[in-house]
Amino acid sequence: MSGDSAPASRGALAVLGLAPEAGEEDIRKAYRRLALRYHPDASGDPETARRFSRIVRAYKVLRARESPRDQPRSALSEKYRPVLEAGDDIFALGRVLASEPQAGARAAAAARLGLSGRSAAYVFLRRALYDPMEEVRLAAVRAAALLGSRQAAGEVAALYARSESAFRRAMLEIAAATGERLFRDTIAVAVKDAEPSLRAVAERLAADSGY
Amino acid sequence: MGAIIGIDFGTTNSLCAWMDGDRPALIHNRRGGRITPSVVAAAAKGEILVGESAKNQALVNPENTVAGIKRHIGSGGLVSMGGRSWRPEELAAMILSSLRLDAESHLGTDIERAVITVPANFSDRQRRGIVEAGRLAGLEVLRVVNEPTAAAVARAWAASASPSGGERALVLVYDFGGGTFDVTLLVQEGTACEVLASRGDGRLGGADIDRELYRQASAAFREEYGLDVEADRFLAQQLAEASELAKMELSEREESAIGIPFALAGGKVVHPLWTLTRRRFEELAAPFVERSLELTERVLAEAGLSASRVDSLVLSGGSSRMPLVRALLAQRLGLKPQGGVNPEEIVALGAAVWSLVDAQPDRLRIRDVVSRSYGVEIDGGRFVPLIRKNSPVPASSRRVFTTVADDQDAVEIHVLQGESPEAAENVSLGRFLLSGLREAKRGEPRIEVSFGIDESDMLHVSAADLDTGALQEISIVDLESSSSAEGPAELGAAIRLLAGRLAELRSGLRLERGLESELDETCARAAAAGPGTEEPGLRLLKTELEALVGELLARRAERRAIAQADKERT
């Protein structure tokens, strides 16, 4: 596994809604999708433009990594048949999240819901925040950030408050990478974190974002 | 397509009706009766008996006869009969199947669809159990309808045909059946019904009075004749039946006797007889009727209305035939039942009328109550309901909580659904965090938690620190909610409502382009949805709209919070 990738590329992956172990194929696909959706045309709003530049920057960082670590792997979501079959149907993906026994499949479905670009996908995504497996919960946080779901704010903050420190750190990393508003409440809790290093990260984030 | 039947599946008796043109009519069973006892039995050769024939042989074959199966629906337990174990749903299906066959031979057509009534306080599991039983009986259960609401609908249907029927009326449905009691207060205007309040007791019914009669009679037999009824299942069964008969007889007569001829006590043949006057019977039944009146009074109090405002009292269920019921309702509440209504038939007739709801949504509109309690977990794992089961929709409630530790700066709100006082036994719907609390001694901060359920069944929960103004909220779409209770008519109405709300919520909000176009696209689909749209599609669309409403509500709350923060800074 390559889950120990450098923080910079982990952050870049998070901007694309991807887990640290995502393969080249995942990166290309996510980039293509997101770039299409957030490409600012003449009438583009500032929020979209801001996101777009983050996405482009993240993709550049990932491309510049010293050579692909492994062979180009097939996308994670394609490893799991139910996720593949669900395609872009948010209801089918929601069913995978609710019933698939393999944690990997659930995490892939959550990631896919994030890439759907549909705010409505959050009704299904929110149940992944309570998934027994850490990887699924984290995938849900990434996906919610990707969707910019503000309705996730309180639940994501609650997840932060009840999680262990490694998980809290991973959440702050996503918050830092994406700069999404939904982490406002999470950061407000994190500045009181019992762990000094996390507190420091949160304070920096709070200062950057101005809340 | 075939006809749709309406079934009143009761604890003791079941009835079946259909819409004969514009008029609900009862369907007679193959024995020519209107009432089919809810009894199933396995005869000696493994033959399954249902209804009257099962009840008739109960005396000689009590081990293989099952009555009152309704009380076990959805329990997950097993019932033994004829040397094997059955799920309660399977036994209920035998009764439903027999009703279906009766209807088929009566109407001369295939019957594949039904509306089935249940007590208002039936849980989701019990409702699902009924749907399952229907499926096993070869019936697609279009709807599971609350019994009191069905009774009200039958009344409304009859009233709307009369010249003065279109007027607004306050109706109280007092439904005292064999196994359950329900009381519902509703407003009726033409054929539109709106439930104001409803309460019930799933363990209060005529069968409880029978049991009390049985208990006293068997005590008398033991004392006077030295006869131990309990020792002999045959005798016990005989006495149980005699008790029920005596109760029914006392609705008409002043005196009745419970007897078991030719019983053997201490080697001697005795003919124990226990004579009961109506006065004595009423003393014995009074606590049960009292309990029903107490619930009735509570429903009126909940709705904030006095009994004198009630325009029409509808009695339903066999136990409401007791003269004591009528006397106490008149004496205590000044209410007289509406004439021309057969309490035993009205629920089945209402179920039949209900089969028209989807076909003619304009003729019949019903708004119902919340089917489960919703609330939060508090310190010590206890569950505090904020919206109680059976509250009319839309419902809302708020309550102030506080902190449990000094200088606590955040509090987690754990939202649950269920009826147990223990949070762990209820279903968790979500947890969210309210941060930015005023730092103070424990018990000092005031955190107001509000719950609201709107007409589309969406749950909105918010928490606010009344001192700092910090606010957090979530909207929860209940993805598991029983889908059978909603037909295309209600879905269509909910979709229109939600689309309207979205339009309202988005005005004045600055949204990113992606969300704008998603809103446009979803609202366009909502506008295009019509009678031709398939039901699953409507359901999905409703969920999407709900999700978007949740998002916009959060955006509005965020905007308020930012404005508040800006104000404090300057």
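Treat the numbers as computed from the prediction; the structure is a model and nothing was measured.

Peer 1: Tell me what's going on with the overall build of chain B, and back it up with residues and numbers.
Peer 2: Helices and strands together make up the secondary structure of chain B, namely twelve helices and 28 strands. By residue count, 49% of the 570 residues in chain B fall in the buried class.

Peer 1: Quick one: what's the story with the interface of chain A and chain B, residue by residue and with numbers?
Peer 2: If you look at the interface, chain A gives 29 residues, while chain B gives 32 residues. Elements represented by at least two residues in the side of chain A that touches chain B include exactly α3 (46–63), α7 (122–128), α9 (153–162) and α11 (184–190) of chain A. Among the elements that line the side of chain A that touches chain B, the one with the most residues is α9 of chain A, at six residues. Among the residues making up the side of chain A that touches chain B, the classes are represented as eleven nonpolar, eight polar and ten charged.

Peer 1: Account for helix α5 (residues 90–99) of chain A, with residues named and values stated.
Peer 2: Residue and element names in this part refer to chain A. All of the buried residues in α5 are I90, L93, G94, V96 and L97. Viewed end-on, α5 has its buried residues packed into an arc of 155°, placing them on one side of the element. The elements touched by buried residues of α5 are α4 (81–86), α6 (103–115) and α7.

Peer 1: Could you give an account of the environment of S116 of chain A, with specific residues and numbers?
Peer 2: Residue and element names in this part refer to chain A. Tracing the backbone through its elements, the reader meets S116 in the loop between α6 and α7. In the structure, S116 is positioned 26 residues away from I90 in sequence and 7.5 Å away in space, judged by C-alpha atoms. S116 has contacts with D88, I90 and A121, leaving out every residue within four places of it along the chain.

Peer 1: Before we move on, can you summarise the sheet that holds strand β7 (residues 65–67) of chain B with the specific residues and values?
Peer 2: Working definition: the strands of a sheet are paired by backbone hydrogen bonds and lie parallel or antiparallel to each other. Residues and elements named next belong to chain B. If you walk across this open sheet you meet the three strands as β6-β5-β7, and the pairing is antiparallel. Taken across any chain shown, the strands that pair with only one partner, and hence form the sheet edges, are β6 (48–50) and β7. Neighbour-to-neighbour, the strand axes of the sheet open up by a mean angle of 15°, direction not taken into account. Both strand β5 (residues 39–42) and β6 contribute to a ladder of three bridges, which runs antiparallel. Considered in β6, the bridge of A41 is made with L49. With respect to the sheet, helix α2 (residues 88–107) is in contact with β5, β6 and β7, its orientation differing from that of β6 by roughly 65°.

Peer 1: If you had to explain the nonpolar core to someone new, which residues and values would you point to?
Peer 2: Counting residues in each nonpolar core, the largest one holds 122 residues, and the members touching the most others are A110, A144 and V156 of chain A. Contact partners of V156 of chain A, with chain neighbours within four places excluded, come to L129, V141, A144, L182, F183 and T186 of chain A. Counting 113 residues, the second-largest nonpolar core is a separate cluster that includes I4, I27, V141 and F281 of chain B.

Peer 1: Requested: an account of the packing of helix α2 (residues 24–38) of chain A against α3 of chain A, with residues and values cited.
Peer 2: Residue and element names in this part refer to chain A. Close contact between α2 and α3 brings their axes to 9 Å; oriented N to C, the two are set at 160°. Comparing the axis directions of α2 and α3 gives the class roughly antiparallel. Considering the relative orientation of α2 and α3, their crossing is left-handed. Residues I27, Y31, L34, A35 and Y38 of α2 touch α3, and the partners they reach there are T48, R51, F52, I55, Y59 and L62. Split into classes, the residues belonging to the contact of α2 with α3 amount to nine nonpolar, one polar and one charged.

Peer 1: Outline the pairing of strand β27 (residues 459–465) of chain B, listing residues and values.
Peer 2: Residues and elements named next belong to chain B. In terms of burial, β27 is largely enclosed, as six of its seven residues are buried. Relative to β27, strand β26 (residues 447–453) runs antiparallel, the two sharing seven bridges. Following the sheet pairing, S450 is matched in β27 by S462. Looking at chain direction, β27 and strand β28 (residues 471–476) are connected through six bridges and run antiparallel. Counterpart to S462 in the pairing with β28 is E473. A loop of five residues connects β27 with β28, the two strands running antiparallel in sequence, and G469 in this loop sits at a positive phi of about 85°.

Peer 1: Talk me through the environment of D454 of chain B; I want residue IDs and the actual numbers.
Peer 2: The topology assignment puts D454 of chain B in the loop between β26 and β27. With 61 residues separating them in the primary sequence, D454 of chain B and V393 of chain B have C-alpha atoms 6.4 Å apart.

Peer 1: Provide a residue-level description of the sheet that holds β27 of chain B, including the pertinent values.
Peer 2: All names here are of chain B. One open sheet accounts for four strands, arranged β23-β26-β27-β28; its pairing is antiparallel. On the outer flanks of this sheet lie β23 (395–401) and β28, each paired with one strand and no other. Put simply, the sheet's adjacent strands are angled 10° from each other on average, direction ignored. Relative to β26, β23 runs antiparallel, the two sharing seven bridges. Across the sheet, the residue bridging to A395 is I453, located in β26.

Peer 1: How would you sum up helix α1 (residues 7–15) of chain A? Please name residues and give values.
Peer 2: All buried positions along α1 of chain A are accounted for by A12, L13, A14 and V15 of chain A. Residues of α1 of chain A that are buried in the fold lie against α3, α8 (134–147) and α10 (165–178) of chain A.

Peer 1: So what's going on with the packing of α1 of chain A against α3 of chain A? Which residues, and what values?
Peer 2: Residue and element names in this part refer to chain A. In the contact formed by α1 and α3, the axes pass within 9 Å of each other and the chain directions differ by 135°. Taken together, the axes of α1 and α3 lie oblique to each other. Judged by the sense of rotation from one axis to the other, the crossing of α1 with α3 is left-handed. Touching A8, S9, A12, L13 and V15 of α1 are R54, I55, A58, V61 and L62, all from α3. In terms of residue class, the contact of α1 with α3 is made up of eight nonpolar, one polar and one charged.

Peer 1: Give a detailed account of the environment of R332 of chain B, specifying residues and quantitative values.
Peer 2: Here R332 of chain B is to be found in helix α8 (residues 323–333). Using a count of 13 C-beta atoms within 10 Å as the deciding quantity, one classes R332 of chain B as partly exposed.

The rules behind these values
- Residues numbered from 1 in each chain as written.
- Chains lettered and ligands numbered in written order.
- Predicted model: local features only at pLDDT ≥ 70, side-chain atom pairs only at ≥ 80, totals over all residues.
- Helix = DSSP H or I, 4+ residues; strand = E, 2+ residues; numbered from the N terminus.
- Buried ≥ 20, exposed ≤ 12 C-beta atoms within 10 Å, placed from the backbone.
- Contact = placed C-beta atoms within 7 Å.
- Nonpolar A, V, L, I, M, F, W, Y, C, P; charged D, E, K, R; others polar.
- Arc of directions from axis to C-beta.
- Pairing = 2+ DSSP bridges.
- Axes fitted to C-alpha atoms, helices over the stretch in contact; angles between N-to-C directions.
- Core = buried A, V, L, I, M, F, W, Y, C linked by C-beta atoms within 7 Å.
- Parallel < 35°, antiparallel > 145°, perpendicular 65-115°, else oblique.
- Left-handed = near helix turned anticlockwise from the far one by under 90°.

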